[in-house]
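Overview (structure and organization)
Each chain, written out:
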Amino acid sequence: MVRLSFAVALAAVSVSAPAARPAASSGPAEIRTVVAAMEAAWNRGDFRGYMRGFANPGVVFVSRGKIQDGWQGTLDHYIREYDGAAERRGVLRFWDLKIEMLAPDAAMLVGRYRLNRPVDPQTGINTRLFRKIGGRWVVTMNHVSSLEAPARP
């Protein structure tokens, strides 16, 4: 009887004991590296380098109330809207990045961005879904929410 009680008590402790925590994921650090590489590529005018951070062809990109047409459509948009003189492209900066791991191969990033340029500077919030595909982290969904400049009197 004592053995049975001890076995039941041991089983109860085993069931109620917290599971061992998995090793810390390197995902957030790897994702920050991807974002830093994207920022650097944009700032040197390398839009194809910037686009390496996105899933190709399947990225969903939402901005200004529109959905871009996949990877190529997004690249075409960047070249059409920002290519040419450095003043047109501006200087891009991402900061205040908060990364939440959703699964070993999925993460959500919410952060701030600023595109400094003489005409039509932009600032706002960027929400990105990252997936680890083929051993590398890429953006599969990108949603940009720009702050609107106050109306001039």
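Residues numbered from 1 in each chain as written. Predicted model: local features only at pLDDT ≥ 70, side-chain atom pairs only at ≥ 80, totals over all residues. Heavy atoms only, no water.

The name given to the chain in an unreviewed UniProt entry is Nuclear transport factor 2 family protein, with Sphingomonas arantia as the source organism.

Let's talk about the overall build of the chain
To keep things clear, this is the line we draw: A run of H or I in DSSP counts as a helix once it spans at least four residues, and a run of E counts as a strand once it spans at least two, with each numbered from the N terminus. Buried, partly exposed and exposed residues are distinguished by accessible area as a fraction of the type maximum, computed with a 1.4 Å probe on protein chains only: under 20%, between the cut-offs, and over 50%, respectively. Contact criterion: two residues are considered in contact whenever any of their non-hydrogen atoms come within 4.5 Å of each other.
Each helix and strand in the chain was counted, giving five helices and six strands. Helices and strands appear in the chain in the N-to-C order α-α-α-β-β-α-α-β-β-β-β. The 153 residues of the chain split such that 33% are buried. Put simply, 49% of the contacts in the chain that link residues at least 6 apart link residues at least 24 apart.

A short note on the side chain of Arg128
This is how the line gets drawn: In this tally, Lys and Arg are treated as positive and Asp and Glu as negative; His is ignored, and so are the chain termini. Each reported salt bridge corresponds to a side-chain nitrogen of Lys or Arg within 4 Å of a carboxyl oxygen of Asp or Glu. Between N or O atoms, a polar contact is any pair within 3.5 Å; within protein, one atom must be a potential hydrogen donor and the other a potential acceptor, and residues adjacent in sequence are included only when both atoms are from side chains.
Structurally, Arg128 is set in strand S5 (residues 122-133). Despite its burial, Arg128 remains without a salt bridge, the nearest opposite charge being carried by Glu39 at 8.4 Å. Polar contacts involving the side chain of Arg128 include one to the side chain of Tyr50, which spans 3.3 Å. Those residues within four positions of Arg128 in sequence are excluded, and the remaining contacts are Val35, Met38, Tyr50, Phe54, Phe94, Ala107, Met108, Leu109, Val139, Met141 and Asn142.

Some remarks on the environment of Trp42
Along the chain, Trp42 turns up in helix H2 (residues 27-43). The contacts of Trp42, once residues within four sequence positions are left out, are Phe47, Tyr50, Tyr78, Tyr82, Arg89, Gly90, Leu92 and Leu115.

Focus: the pairing of strand S3 (residues 91-103)
Filter applied, for reference: Only strands joined by at least two bridges in the DSSP assignment are considered to pair.
By the bridge criterion, ten bridges tie S3 to strand S4 (residues 106-116) in an arrangement that is antiparallel. Bridged to Trp95 within S4 is Arg112. Once S3 ends, the chain turns through two residues before running back antiparallel as S4.

Points about the packing of aromatic side chains
Selection criterion: Between 30 and 60 degrees the pair is tilted, below 30 it is stacked and above 60 it is edge-to-face, where a pair is any two Phe, Tyr or Trp rings, Trp via its six-membered ring, whose centres lie within 6.5 Å.
Throughout the structure, instances matching the rule amount to ten aromatic pairs. Relative to Tyr82, the ring of Trp42 lies with its centre 5.0 Å away and its plane at 65°, an arrangement referred to as edge-to-face. Here the residue Trp42 occupies a position in helix H2, and Tyr82 occupies one in helix H4 (residues 70-82), the gap between them amounting to 40 residues. On the basis of relative accessibility, which here comes to 3%, the residue Trp42 falls in the buried class. Owing to a relative accessible area of 9%, Tyr82 belongs among the buried residues under this scheme. Relative to Phe61, the ring of Phe54 lies with its centre 6.2 Å away and its plane at 65°, an arrangement referred to as edge-to-face. We note that Phe54, like Phe61, is buried. Among the aromatic residues, those joined into a cluster by ring pairs are Trp42, Phe47, Tyr50, Phe54, Phe61, Tyr78 and Tyr82.

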